[in-house]
Amino acid sequence: MPPAPPSTAAAAAAQQLESLLRRLATLSQYKQFHAHLLTSGHLLSSPPLRARFLDRVALSPHDAALPYALLLLRSLPTPATNDLNAALRGLAASPQPARSLLLLAGRLLPAPGPPRPRLDALSLSFALKAAARCSDAVATVQLHAILVRLGVAADVRLMTTLLDSYAKCGDLLSARKVFDEMPVRDVATWNALLAGLAQGTEPNLALALFHRLAGSFPELLPREEPNDVTIVAALSACAQLGALQDGLGVHEFACKIGAEDNVRVCNALIDMYSKCGSLSRALEVFHAMKLEDRTLVSYNATIQALSTHGHGADALKLFDEMPTWIEPDEVTYLAVLGGCNHAGLVDEGRRVFDSMRVPPNMKHYGTVVDLLGRAGRLDEAHDMIMRMPFPADIVLWQTMLGAAKMHGNVELAELAATKLAELGSNVDGDYVLLSNVYASKARWADVGRVRDTMRSNDVRKVPGFSYTEIDGVMHKFINGDKEHLRWREIYRALDDIVSRISELGYEPETSNVLHDIGEEEKQYALSYHSEKLAIAFGLISTPPGETIRVIKNLRICGDCHVVAKLISKAYGRVIIIRDRARFHRFEDGQCSCRDYW
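Residues numbered from 1 in each chain as written. Predicted model: local features only at pLDDT ≥ 70, side-chain atom pairs only at ≥ 80, totals over all residues. Heavy atoms only, no water.

- Looking at an unreviewed UniProt entry, one finds the protein chain named DYW domain-containing protein and attributed to Urochloa decumbens.

What follows is the structure in structure tokens.
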């Protein structure tokens, strides 16, 4: 016989409990509700209600709520799949997501007693999200095998979560393989792969995928269209590459689908335009946003944009004008301190640092140490390192070494180099900076000793390279490059450049060449730096008056900085160079950094 329908009174009681569950807010209220479920018998007789209660407790922001939910799960004589999923979900979203994987593993192992709850697509989805947060590639592969064994590989949402986990673990090849093998994809699938490629090591592929989607999305996504997540991922790829033309195209597409006013899209546009060297467009986006729509991310992105483009005073002004309802965070302070650093605003930077409303971390100290060191206040910078509440790391001593190199302080350079050796640093930059200090004092024997140490430790200098975008195509140059198809034209253009800027008083800054070689050889070594090749290519490949944009993987050298200033004057061009630390905008013989870099 079929089971008797529940009584009207029982149904009313269950409905009342459901209504009450939605209003629970404190841990005390959760415990009272739990007690009522126990005494009324609903804990065992109403599995759906119990699972929803477990889920609510597991996701509660109270510190003790998740452990309480796990105790409740362990107390159940025969937990259901939904009970397990509630705990997995809470753990996956917690500060310790790896515990979600441990819980799942425990349920997979054979054990005496009542049967374990069966896993379903939701169980695996929560576990995959935990693996992604932990960047656990091994767990992702194992979960992939389980979902194939369980026969749930046709679930689009689950496979999208799997793809996302592979991407966030850095296994982009497997992420692409999952994508290619999916017979049905939704917009979330495309977004997961786009974001993984853009934020990983394949931003070029991310843009290619976006162009494929944007060109034919009605066919590729017949029931939905790209959204703000799609746009943000594509803009992230443009920002990483410094691809302004692609970024303009993505912005145009955002307007086409009505996403240009979305706050996340606006924030991504600010970041993209800034990193592609177009500060004016970044500021246009920010100022077009309504005050009430701006978020902390909006201010952080704009302050960072102003800072990296050398407008430290404007970054400081915007920081001081932030609305009272938006509280600065670690990123805000780092951005404004960076602006003070790039502009040489020492006293203002100290004021910001001393007024921080969040505990300063190593990066904040490092920025202020750099600010003091570049200003020549080396004793203050060293004292700050000694007074920090935690030991200085490698980056901080590298900053100190850079300051010593800038001001030719051999004693401090040797101290920093010793500290770096003690911390196990063995990168080329440490040796090059110390060698540079010795070379500036013509201590060639010490330069040779540093180079011998580099060879014995198998340390190799990172080669310099530069990119420039012409008609939407990225062209890469390395120092002394003769691989480009037009290298002969580029070299002839360089000869013309040297001739024209020599009339403006150019003399090669051979002090930047560390080798103990003749003056003529030093001048030759300087002539074919990658940024010079990129600028020369820009001059012969674009119409007169067009801005030339260059991306450099290392810090621009002093001679290239001088040359770029003179080229901007001699040829009437604006040249924007994005190096490892900041932007330099050269116009009419001047640089936005005011030679403070």
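### Concerning the pattern of salt bridges
For side chains bearing opposite charge, pairing can occur when the charged atoms are close.
Here is step 1: Counted under the stated rule, the structure contains 22 salt bridges.
Here is step 2: We note a salt bridge from Arg89 to Asp55, for which the minimum N-O separation is 2.8 Å. In this pair, Arg89 sits in helix H6 (residues 81-92) while Asp55 sits in helix H4 (residues 47-58), placing the two residues 34 residues apart along the sequence.
Here is step 3: Lys275 is the salt-bridge partner of Asp271, the closest N and O atoms lying 3.3 Å from each other. Here Asp271 pairs with Lys275, and both are found in helix H16 (residues 263-275), just four residues apart, close to one helical turn. (Salt bridge = Lys/Arg side-chain N within 4 Å of Asp/Glu carboxyl O. Helix = DSSP H or I, 4+ residues; strand = E, 2+ residues; numbered from the N terminus.)

### Observations concerning helix H26 (residues 428-440)
Here is step 1: Here H26 spans 18 Å end to end across 13 residues, near enough to the 18 Å set by a 1.5 Å rise per residue.
Here is step 2: The complete set of buried residues in H26 reads Asp428, Asp430, Tyr431, Leu434, Ser435, Asn436, Val437, Tyr438 and Ala439.
Here is step 3: Against the buried residues of H26 lie helix H24 (394-406), helix H25 (410-422) and helix H27 (444-456). (Expected span 1.5 Å × (residues − 1). Buried < 20%, exposed > 50% of the residue type's maximum accessible area, 1.4 Å probe, protein only. Contact = heavy atoms within 4.5 Å.)

### Considering the packing of aromatic side chains
Here is step 1: Summed over the entire model, instances satisfying the criterion amount to twelve aromatic pairs.
Here is step 2: Here the aromatic rings of Phe286 and Tyr299 are separated by 5.3 Å at their centres, their planes lie at 80°, and the arrangement is edge-to-face. Here Phe286, found in helix H17 (residues 279-288), pairs with Tyr299, found in helix H18 (residues 296-308); they are 13 residues apart in sequence, far enough to count as distant.
Here is step 3: A ring pair is formed by Phe319 and Tyr333, whose centres lie 5.7 Å apart and whose planes are at 65°; its orientation type is edge-to-face. Here Phe319, found in helix H19 (residues 312-320), pairs with Tyr333, found in helix H20 (residues 330-343); they are 14 residues apart in sequence, far enough to count as distant. Side by side, Phe319 and Tyr333 carry an identical accessibility label, which is buried.
Here is step 4: A connected cluster of aromatic rings, assembled from ring pairs, spans Tyr30, Phe33 and Phe53.
Here is step 5: Taking the ring centre of Phe179 as reference, the NZ or CZ of Arg185 above it sits at 4.2 Å.
Here is step 6: In this arrangement the basic side chain of Arg500 is found over the ring face of Tyr571, its NZ or CZ atom lying 4.0 Å from the centre. (Phe/Tyr/Trp six-rings, centres within 6.5 Å; stacked < 30°, edge-to-face > 60°. Lys NZ or Arg CZ within 6 Å of the ring centre and 35° of its normal.)

### A short note on helix H8 (residues 121-134)
Here is step 1: Across its 14 residues, H8 extends 20 Å between first and last C-alpha, which sits within 8% of the 20 Å expected from 1.5 Å per residue.
Here is step 2: Among the 14 residues in H8, ten count as buried, and that is most of the element.
Here is step 3: Every buried residue of H8 is listed here: Ala121, Ser123, Leu124, Ser125, Phe126, Ala127, Leu128, Ala130, Ala131 and Ala132.
Here is step 4: In this structure, the buried residues of H8 make contact with H6, helix H7 (98-108), helix H9 (137-150) and helix H10 (156-168).
Here is step 5: Its side-chain oxygen at 3.1 Å from the backbone nitrogen of Leu122, Asp120 defines the N-terminal cap of H8.
Here is step 6: Where H8 ends, the next residue or the one after it, Ser135, has phi of about 55°, a positive value. (Polar contact = N/O pair within 3.5 Å; in protein donor to acceptor, adjacent residues only side chain to side chain.)

### Some words on the side chain of Asp481
Here is step 1: Note on placement: Asp481 falls in the loop between strand E2 (473-478) and helix H28 (487-502).
Here is step 2: An unpaired buried charge is present at Asp481: no salt bridge exists, and Lys476, the closest side chain of opposite charge, is 8.4 Å distant.
Here is step 3: Beyond its immediate stretch of four places on either side in the chain, Asp481 contacts Lys476, Trp487, Tyr491 and Leu533. (Lys, Arg positive; Asp, Glu negative; His and termini not counted.)

### Notes on the UniProt feature "repeat: PPR" (unreviewed entry) in the protein chain
Here is step 1: Per the UniProt record, "repeat: PPR" (unreviewed entry) is annotated on residues 155-189 and 262-296.
Here is step 2: The span residues 155-189 carries 74% helix and 0% strand; its end-to-end C-alpha distance comes to 12 Å.
Here is step 3: Taken end to end, residues 262-296 comprises 69% helix and 0% strand; its first and last C-alpha atoms sit 15 Å apart. (UniProt positions renumbered as here; feature names shortened; annotations may be inferred.)

### Regarding unusual backbone geometry
Backbone geometry follows two general trends: most residues other than glycine have a negative phi, and most peptide bonds adopt the trans configuration.
Here is step 1: Positioned with a positive phi, Asp588 is a non-glycine residue whose angle comes to about 50°.
Here is step 2: With respect to the secondary-structure elements, Asp588 resides in the loop between strand E5 (583-587) and strand E6 (590-591).
Here is step 3: Phi is positive for Arg594, which is not a glycine, with a value near 55°.
Here is step 4: With respect to the helices and strands, the residue Arg594 is situated in the segment after E6.

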